[in-house]
Amino acid sequence: MAFRDVSYFVRPSGDKKELQLLDKVSGVFRPGVLTSLMGASGAGKTTLMDVLAGRKTGGRVEGLQLVDGAPKRQAAFTRLMGYVEELDVHNPQATVEEALLFSARLRVSSELLPAANAKAFVRHMMEVVELGPLAHRLIGWGGPSGGLSTEARKRLTIAVELVANPSIVFMDEPTTGLDARAAGLVMRAVRNTVATGRTVVCTIHQPNRDIMDNFDELLLLKPGGRTIFFGALGEKQTSLVSYLSSISGVGRYEPHMNPAEWMLEVTSPAAEAGLGLDFAQVWEASQQARAANQLIEEHCGGYSSATAANRGGCDGGGNAAASKRPAAAAAAAAAGNGGKVAAADGDVEAGGGGGGALKGNQDFEVDKVGGNEAANETRRYAQLTHVQLWLVLHRALVSHCRNTTYNGMRFTIAFALAWILGSLYWGRGMKRNSIVGLMDIMGAIFSGVLFLPMTNLMMVMPQVMAERAVFYREKASGMYRPAVFAAAQGLAEMPFVFLESILYVVIMYCTIHFEFTSEKALWFWLYIWFALMICTFMGMGFMSMTPNMPAAIASGSALVLLWNLFCGFLIYRKDIKPWYLWAYYGNPITYIIYGCVTTQMGDVWDEHVDLGNGAAMPVAAYVRDTFNYEYSMRGWIVLILIGFMAVFRAATYLGITRFSYQSR
Ligand SMILES: Nc1ncnc2c1ncn2[C@@H]1O[C@H](COP(=O)(O)OP(=O)(O)OP(=O)(O)O)[C@@H](O)[C@H]1O
């Protein structure tokens with residue numbers, strides 16, 4: 001990948017003036033070469049990497065970006081690159097191998113990596129980052145709650161990108177937060193990745209000497225996103241040290257010093273002010289900059305920065321071919337960097353193909369993976385929609401089955417609430433011959449419809465919050481359609497809510513002793529099942545549309561209170577002021593109570609309610625006249641409730657597609 005005069009501008013909200021975060025940055029990232037992006041905090045390292053990776057969600061980019069000598073086309077480039085984010089966000093319920101298989105299947109097409117070969121490929125990639133022994137370990141949440149260690153999680157994050165067989169891998173601060181030993185292990189995985197012939201670019205903060213020794217080249221930025229140095233570091237960073245030492249006034253480098261620390265210290269804004277120098281200007285005038293520019297020109301061919309920018313070279317247009325790296329390129333790159341890359345660990349060799357070649361003893365040609373990716377470059381996703389849905393749904397179901405805390409809690413609460421309601425209204429389900437008896441039945445139904453479904457609403461929110469973080473990463477990697485994720489998320493809940501509804505209804509129905517006919521019991525169960533589903537989907541929808549848990553809980557609770565008040569139990573339908581009727585009709589609780597009450601009592605013409613003073617009327621007539629409940633509506637109510645479910649599923653879809661709470 002080559003880029004020239006890349007600038008990036010943002011317009012902070014409420015500010016008329018654009019802020020420039022990158023200022024004409026140029027460079028070349030080559031196969032088999034490990035390039036570090038360094039600079040003071042806030043210099044623009046992550047910004048540059050995000051711009052080059054096409055991960056910025058706003059702002060304006062200028063300049064030329066080429067992939068394999070042609071203007072970068074983002075859709076194709078997304079399939080060719082891996083982006084190791086600083087935070088290691090994974091599905092905690094998956095094992096290491098499952099997470100990698102999931103990524104491989106969704107990011108490499110079945111033509112290039114048949115499902116039968118995926119496991120062998122993944123196993124091979126696990127060897128690259130030395131995760132083989134942890135293949136069957138559950139990822140977990142890390143820290144005291146168990147699962148992979150911080151360092152193993154980082155190697156997993158790298159592997160998740162590697163199994164997509166990318167040509168170029170961007171890594172955002174892969175060693176941050178790790179101790180020296182853990183950072184060393186991660187760097188070995190990074191180095192192994194480079195040895196497969198891939199282009200690897202890392203942002204990194206003040207690495208120690210051992211870590212620094214792993215890097216071949218450096219792009220050093222200063223605040224404002226301007227280049228201070230770009231080129232080979234040389235053995236033990238001698239090229240960098242000799243360049244900076246040649247600038248008059250720069251503090252002397254002593255052999256015992258950490259070169260990264262020294263470099264950042266002598267080029268800091270304070271040091272610049274002390275020397276009265278602008279290191280970016282010094283760089284532009286230097287002989288090393290001329291050599292770097294020559295290299296950049298060689299890779300940029302005849303493209304001018306302005307032309308490419310106008311043609312959408314930054315994020316669209318152009319005719320980018322998928323990256324095809326000849327083995328010679330990797331070898332040449334290695335030769336140009338002290339031969340560091342040529343030696344590969346184990347059976348991993350630098351080689352050709354879009355994703356570098358792995359020579360193993362598999363019974364299929366891994367070399368083909370990525371090498372033929374150009375054939376699919378027009379396809380946005382590696383897999384067809386139904387395959388995406390199956391893979392995402394399968395993962396969601398497995399995760400739910402393993403999430404014993406979530407399921408344990410919801411089944412326990414269902415059991416406990418059913419018994420509490422059952423003991424409160426014990427045996428009153430058939431006492432329909434007095435107004436008090438009917439109100440008891442209504443109360444039991446109102447409580448049953450509200451309590452457990454509301455619990456579901458609150459309990460699902462943290463689950464969705466956790467899944468959303470993983471979704472953002474996977475969406476950015478172009479693994480599947482957002483609609484697939486939304487569909488799988490809803491479908492995976494259904495069997496568990498189904499079981500929960502059976503547990504809840506069986507206990508409640510028997511203890512309250514509603515009428516024991518299979519028809520009435522089935523109607524009752526159906527409405528309660530729908531109530532649970534609606535509230536679960538509503539929790540998912542609210543969590544997807546709002547930025548965080550407090551916002552989701554606040555908005556969900558407010559709506560539930562409104563539903564509660566206007567569902568026709570606390571205030572009868574006929575007593576609700578006309579201008580509030582929308583809250584009665586646009587309210588799923590209204591229909592669930594309506595359905596439960598009318599199917600229990602709306603057809604009971606042979607029993608009479610005592611109205612006092614010797615007057616009585618059939619139960620069915622009382623229910624119809626008092627609550628406006630028509631028995632004939634029971635089927636329509638099912639359709640209305642399905643409509644509410646659809647609305648909340650749509651809310652989830654809109655939330656994940658229209659609102660992104662991860663702006664970059
Ligand atoms: N969307 C944005 N709007 C305004 N300023 C931004 C935006 N994104 C980044 N910045 C600013 O741009 C500068 C560069 O940010 P960036 O995160 O790229 O720096 P960095 O070199 O990676 O820093 P660090 O090492 O601390 O992560 C910072 O001053 C940051 O505050």
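Counting starts from 1 at the beginning of each chain's written sequence and moves along it residue by residue. Residue-level local features of this predicted model are given only where pLDDT is at least 70; pairs of side-chain atoms are given and counted only at 80 or more, and the full residue set underlies all totals for whole chains, interfaces and linings.

### Regarding the sheet that holds strand E2 (residues 19-28)
No. 1: Across the sheet, which stays open at both edges, the four strands sit in the order E2-E1-E4-E5 with antiparallel pairing between neighbours. Among the strands making up the open sheet, the edge pair consists of E2 and strand E5 (70-71).
No. 2: Only strands that DSSP links by at least two bridges are regarded as paired with each other. Going along the chain from the N terminus, every DSSP run of H or I of four or more residues is numbered as a helix, and every run of E of two or more is numbered as a strand. Looking at chain direction, strand E4 (residues 60-67) and E5 are connected through two bridges and run antiparallel. Bridge pairing links Leu 66 to Pro 71 in E5.
No. 3: This entry defines residue contacts through backbone-placed C-beta atoms, with two residues in contact when those atoms are within 7 Å. For helices, the fitted line uses only the C-alpha atoms of the stretch in contact; every axis is such a line through C-alpha atoms, and the angle between N-to-C directions lies from 0 to 180 degrees. This element, helix H1 (residues 45-53), spans strand E1 (2-10), E2 and E4 of the sheet and lies at about 70 degrees to E2.

### Details of the site of the ligand
No. 1: Looking at the ligand, there are 14 residues lining it, with Ser 41, Gly 42, Lys 45, Thr 46 and Thr 47 nearest.
No. 2: For the shell around the ligand, the elements supplying multiple residues, two or more each, are E2 and H1.
No. 3: Among the elements that make up the shell around the ligand, the one with the highest residue count is H1 (three residues).
No. 4: Put simply, Ala, Val, Leu, Ile, Met, Phe, Trp, Tyr, Cys and Pro go in the nonpolar bin, Asp, Glu, Lys and Arg in the charged bin, and everything else, Gly too, in the polar bin. Taken together, the residues of the shell around the ligand sort by class into five nonpolar, eight polar and one charged. Each residue receives a C-beta atom built from its backbone; the residue is near a molecule or strand if that atom lies within 6 Å of it.

### Here's the deal with the sheet that holds strand E10 (residues 226-232)
No. 1: The six strands lie next to each other as E6-E7-E8-E3-E9-E10, forming an open sheet whose pairing is mixed. Lying at the two open borders of the sheet, with one neighbouring strand each, are strand E6 (81-84) and E10. Averaged over all pairs of adjacent strands, the angle between strand axes in this sheet comes to 15 degrees, irrespective of strand direction.
No. 2: Note that strand E9 (residues 217-222) and E10 share six bridges and pair antiparallel. Across the sheet, Lys 222 pairs through a bridge with Arg 226, a residue of E10.
No. 3: This element, H1, spans strand E3 (34-39), E6, strand E7 (168-172), strand E8 (199-203) and E9 of the sheet and lies at about 135 degrees to E3.

### Quick notes on the nonpolar core
No. 1: Any nonpolar core is a set of buried residues, restricted to Ala, Val, Leu, Ile, Met, Phe, Trp, Tyr and Cys, that join up through C-beta atoms within 7 Å. Partly exposed residues are those whose C-beta has more than 12 but fewer than 20 other C-beta atoms within 10 Å; 20 or more makes a residue buried and 12 or fewer makes it exposed, with C-beta atoms placed from the backbone. Counting 113 residues, the largest nonpolar core has Leu 100, Met 125, Leu 156, Ala 159, Val 163, Phe 170 and Val 190 as its most contacted members.
No. 2: Of the residues that make up this core, three or more belong to each of domain 1 (2-305 + 324-376) and domain 2 (385-658).
No. 3: If we ignore the near neighbours within four places in the chain, the residues touching Val 190 are Leu 34, Ile 158, Met 171, Pro 174, Val 200, Cys 202 and Asn 214.
No. 4: Counting residues in each nonpolar core, the second largest holds 66 residues, with Leu 532, Cys 567, Ile 589 and Tyr 629 among its members. Where each domain starts and ends comes from a domain assignment, either automatic or drawn from a database.

### Comments concerning the environment of Thr 227
No. 1: With respect to the helices and strands, the residue Thr 227 is situated in strand E10.
No. 2: Among residues more than four places away in sequence, those in contact with Thr 227 are Val 25, Leu 219, Leu 221, Ala 280 and Trp 283.

### Remarks on the domain arrangement of the protein chain
No. 1: Here the domain parsing of the protein chain yields domain 1 (2-305 + 324-376) and domain 2 (385-658).
No. 2: The C-alpha-based centres of domain 1 and domain 2 are spaced at 50 Å.
No. 3: Tallying the contact residues gives 15 residues for domain 1 and 15 residues for domain 2.
No. 4: Where the side of domain 1 that touches domain 2 is concerned, the elements lending two or more residues are helix H2 (74-80) and helix H3 (96-107).
No. 5: It is H3 that contributes the most residues to the side of domain 1 that touches domain 2, four residues altogether.

### Points about the UniProt feature "transmembrane region" (unreviewed entry) in the protein chain
No. 1: UniProt positions are given in the numbering used here, feature names are shortened, and annotations may be inferred rather than shown by experiment. Under the UniProt annotation, the feature "transmembrane region" (unreviewed entry) is placed at residues 408-426, 438-464, 484-510, 522-545, 551-572, 579-601 and 636-656.
No. 2: Summarising residues 522-545: 100% helix, 0% strand, and an end-to-end C-alpha distance of 34 Å.
No. 3: The distance from the first to the last C-alpha atom of residues 636-656 is 31 Å, and the span holds 100% helix and 0% strand.

### Quick word on the packing of helix H16 (residues 385-402) against helix H19 (residues 482-512)
No. 1: Two numbers describe how H16 lies on H19: the axes approach to 8 Å, and their chain directions differ by 40 degrees. When the axis of H16 is compared with that of H19, the two are oblique. Considering the relative orientation of H16 and H19, their crossing is right-handed. Of the residues in H19, those touching H16 at Thr 385, Gln 388, Leu 389, Val 392, Leu 393, Ala 396, Leu 397 and His 400 are Val 484, Phe 485, Ala 487, Ala 488, Gln 489, Leu 491, Ala 492 and Phe 496. Working definition: roughly parallel below 35 degrees, roughly antiparallel above 145 degrees, roughly perpendicular at 65 to 115 degrees, and oblique for all remaining angles. In this scheme the handedness of a crossing depends on how the near helix is turned from the far one: anticlockwise by less than a right angle means left-handed, clockwise means right-handed.

### Here's the deal with the environment of Leu 19
No. 1: Of note, Leu 19 is situated in strand E2.
No. 2: Separated by 395 residues in sequence, Leu 19 and Ala 414 place their C-alpha atoms 54 Å apart.
No. 3: For Leu 19, the contacting residues outside a window of four places in its chain are Phe 9, Val 10 and Pro 12.

### As for the confidence of the model for the protein chain
No. 1: pLDDT measures how confident the predictor is about each residue, on a scale from 0 to 100. For the protein chain, per-residue confidence averages 85 on the pLDDT scale, and residues scoring 70 or more make up 88% of the total.
No. 2: Scored below 50 in pLDDT, residues 308-376 makes 171 contacts in the model with residues more than four places away or belonging to other chains.

### Brief notes about the pairing of E8
No. 1: Counted residue by residue, E8 has five buried out of five residues, so it is predominantly covered.
No. 2: Side-chain alternation along E8 places Thr 199, Val 201 and Thr 203 on one buried face and Val 200 and Cys 202 on a second face that is also buried.
No. 3: Across four bridges, E3 lies against E8 in parallel orientation. Looking at the pairing, Leu 37 lines up with Thr 203 of E8.
No. 4: Bridge count between E7 and E8: five bridges; the pairing is parallel. Residue pairing for E8: Asp 172 is matched across the bridge by Thr 203.
No. 5: Throughout, right-handed denotes a crossover for which the path from the first strand over the helix to the second runs clockwise when the strands point away from the viewer. Assessed by its sense of winding, the connection that carries the chain from E7 through helix H6 (residues 180-195) to E8 is right-handed.

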